[in-house]
Amino acid sequence: MKSMQLITQQRADFSLRILNSAKELPAGEQKQIRTVANSIPAQIQRTGLGQTLAFALSKKDKTDGKGWDFFHQILQKWICEERKLYQSRDLMSSLTQGDMQQYQQAQAEALALLIWTRKFARAMLDNGK
């Protein structure tokens, strides 16, 4: 991350890099990522970041779980490694052990990142048609 960029530019750059790498995935996985990209922000708003990530973890080994695992990984990388909102690199543990203010900040950061990720997923990934 460049220090002289707006945070929104950093989010856009991170999302663009992640979605560019997703273009190399099989068409079925790209479709799953697009599907989750469209639904995950609303699910976070409805149930919270922690419950949404718990759901993503439950889907990890399912046939339709590639998109959920993808978003779990990118949210963990962005919140823990890029933004460093938590000391740990395990987002789920951090969410359950951190305080309310950290949780709210992580959730707001996730939603802000997902605005860019959803737009890039719609523009760049195979939709299965």
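This text follows the structure it describes.
**Considering helix 3 (residues 49-59)**
Thinking step 1. If you check which residues of helix 3 are buried, you get Leu49, Gly50, Thr52, Leu53, Ala56 and Lys59.
Thinking step 2. In this structure, the buried side of helix 3 is in contact with helix 2 (27-47), helix 4 (66-82), helix 5 (91-97) and helix 6 (100-124).

**Re the environment of Lys119**
Thinking step 1. If you trace the backbone, Lys119 turns up in helix 6.
Thinking step 2. Residue Lys119 is classed as exposed on the basis of its relative accessible area, which comes to 51%.
Thinking step 3. Note: C-alpha distance between Lys119 and Arg34 (85 residues apart in sequence) is 9.5 Å.

**Some thoughts on the pattern of salt bridges**
Thinking step 1. Using the criterion set out here, one finds seven salt bridges in the structure.
Thinking step 2. Residue Glu109 pairs with Arg11 through a salt bridge whose shortest N-O separation is 2.7 Å. Highlighted residues: Glu109 in helix 6 and Arg11 in helix 1 (residues 7-22), separated in sequence by 98 residues. The exposure classification of Glu109 matches that of Arg11, with both residues buried.
Thinking step 3. In this structure, the salt-bridge partner of Lys77 is Glu81, at a minimum N-O distance of 3.7 Å. Of this pair, Lys77 and Glu81 both sit in helix 4, separated by four residues, roughly a single helical turn.
Thinking step 4. On the accessibility criterion, Glu81 (24% relative accessible area) is partly exposed.
Thinking step 5. In the salt-bridge network here, residues are joined through shared partners; they are Lys77, Glu81, Glu82 and Arg89.

**Notes on the packing of aromatic side chains**
Thinking step 1. Overall, the coordinates contain four aromatic pairs when judged by the stated rule.
Thinking step 2. Here the aromatic rings of Phe55 and Trp68 are separated by 4.9 Å at their centres, their planes lie at 85 degrees, and the arrangement is edge-to-face. Of this pair, Phe55 sits in helix 3 while Trp68 is found in helix 4, placing the two residues 13 residues apart along the sequence.
Thinking step 3. Overall, the relative accessible area of 32% leaves Phe55 in the partly exposed class.

**Overview of the nonpolar core**
Thinking step 1. Among the nonpolar cores identified, the biggest contains 33 residues, and Leu49, Phe71, Leu75 and Ile79 are the most heavily contacted of them.
Thinking step 2. Counting residues per element, the ones that place at least two in this core are helix 1, helix 2, helix 3, helix 4, helix 5 and helix 6.
Thinking step 3. A per-element tally of this core places helix 4 first, with eight residues.
Thinking step 4. Setting aside its immediate chain neighbours within four residues, Leu49 contacts Ile44, Leu75, Ile79, Leu95, Tyr103, Ala106, Gln107 and Ala110.

Conventions we followed
Residues numbered from 1 in each chain as written. Predicted model: local features only at pLDDT ≥ 70, side-chain atom pairs only at ≥ 80, totals over all residues. Heavy atoms only, no water. Buried < 20%, exposed > 50% of the residue type's maximum accessible area, 1.4 Å probe, protein only. Helix = DSSP H or I, 4+ residues; strand = E, 2+ residues; numbered from the N terminus. Contact = heavy atoms within 4.5 Å. Salt bridge = Lys/Arg side-chain N within 4 Å of Asp/Glu carboxyl O. Phe/Tyr/Trp six-rings, centres within 6.5 Å; stacked < 30°, edge-to-face > 60°. Core = buried A, V, L, I, M, F, W, Y, C linked by side-chain atoms within 4.5 Å.

Without other data, these values stay purely geometric and don't point to any function.
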